[in-house]
Amino acid sequence: MSDDQMAQHPRRVLLVTGMSGAGKSTGLKMLEDLGWEVVDNLPQSMLEGLLNLGDANPDIEQLPLAVGIDTRTRGFNPDTLADHVDQLRVRLGTSSGLCFFDADADVLQRRFTETRRRHPLAADRTVMDGIRHERQLLADLRDQADQIIDTSDLSLPELRDQLRTRFSPVRSAGLQVHVTSFSFKRGLPRDADLVFDVRFLKNPYYDPELRHQTGLDEPVRAHIRTDPGWAAFRERIEDLLAFLTPRYGHEGKSYLTIAFGCTGGRHRSVYSAELFGTCLRNAGHHVTVRHRDLQRQ
């Protein structure tokens, strides 16, 4: 297919890569369930031929295509794959993208230990050494990714919901926004585009009557609103998001992750995520809200 033809009828193409054990193969199966044509573990030398393949059936040709390529792939070269991503962006614009599956190193190590599978880069080294080597090998690809999915704390239903929101072949117009709360004690969300630290607000944890409630409960919300800095913070963040979100959309970004963090991830961050999620929804964006550490003690 010529570049002119692709410009007139751009096929949606997603290259999927990431850390071994982060759930890429599971994600590809879920994309297939969503209506994508999926090719996994394709030899990298065959990628260009697949993307240029003309098909006599135009309906088949227009199916969105997800291609899984990672360190298991024959002839894998991260630099060459990065070049393919750049070429696709030139030819297909926002109809192409790179999705990177990731997870914390200890989570990856536990998954390989539990399943007793061999890490692809750990033939003559420990699993953790293989993980470190792979992360270094894929660092530039991760930086280039349009979408990063951190599966460290995701259940299968939550992963399915994220993929449906981000990659449904029938896409809603407008920016898809995912808002999450989190605990700084458990680390920043890997896939966050914007992170706001709300630990400067009065902590309901130190009120015995509020300690075991959460930011979903009105007494906790009322307590946070009494903080002298709350009103100014809310106004400034609303203005900032109103300024930023259209610009992300204009630059071709289809999915934005915004994270609010506090000490325990149960009070201030939860209320903030709920509140600003509602503000973004009222502004016309498609919003999902998740509380990563709400159920943790």
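Residues numbered from 1 in each chain as written. Predicted model: local features only at pLDDT ≥ 70, side-chain atom pairs only at ≥ 80, totals over all residues. Heavy atoms only, no water.

## Focus: the overall build of the protein
Step number 1: Helix and strand counts for the protein stand at 11 helices and 9 strands.
Step number 2: The C-alpha radius of gyration computed for the protein amounts to 21 Å, which stays within 12% of the reference 19 Å derived for 297 residues, consistent with globular compactness.
Step number 3: Dimensions of the protein along its principal axes, counting C-alpha atoms only, are 65 × 50 × 30 Å.
Step number 4: When each of the 297 residues of the protein is scored for burial, the buried share is 46%.
Step number 5: Sequence-distant contacts in the protein: of pairs separated by 6 or more residues, those separated by 24 or more amount to 79%.
Step number 6: Accessible area of the protein: about 14,900 Å², with a carbon and sulfur share of 49%. (Helix = DSSP H or I, 4+ residues; strand = E, 2+ residues; numbered from the N terminus. Rg over C-alpha atoms; globule rule 2.2 N^0.38 Å. Buried < 20%, exposed > 50% of the residue type's maximum accessible area, 1.4 Å probe, protein only. Contact = heavy atoms within 4.5 Å. Areas by Shrake-Rupley, 256 points an atom, 1.4 Å probe, with all protein chains shown as cover.)

## Re the packing of helix H9 (residues 218–225) against helix H11 (residues 268–282)
Step number 1: Relative to each other, H9 and H11 sit at 90°, their axes nearing to 10 Å. As judged from the angle between their axes, H9 and H11 are roughly perpendicular. Along the contact surface, H9 presents Arg221, Ile224 and Arg225, while H11 presents Arg268, Tyr271 and Glu274.
Step number 2: A breakdown of the residues in the contact of H9 with H11 according to their chemical character gives 2 nonpolar, no polar and 4 charged. (Axes fitted to C-alpha atoms, helices over the stretch in contact; angles between N-to-C directions. Parallel < 35°, antiparallel > 145°, perpendicular 65-115°, else oblique. Nonpolar A, V, L, I, M, F, W, Y, C, P; charged D, E, K, R; others polar.)

## Observations regarding the sheet that holds strand S5 (residues 147–150)
Step number 1: Spatially, 5 strands are ordered S2-S3-S1-S4-S5 in an open sheet, and the strand pairing comes out parallel. Only two strands of the sheet have a single partner each, and these edge strands are strand S2 (37–40) and S5. On average, each strand axis in the sheet is inclined to that of its neighbour by 20°, with strand direction left out of account.
Step number 2: Bridge count for S2 against strand S3 (residues 65–68) is 4 bridges, and the pairing is parallel. Directly across from Val38, in S3, lies its bridge partner Ala66. (Pairing = 2+ DSSP bridges.)

Note that all results are geometric; they support no functional claim without further evidence.
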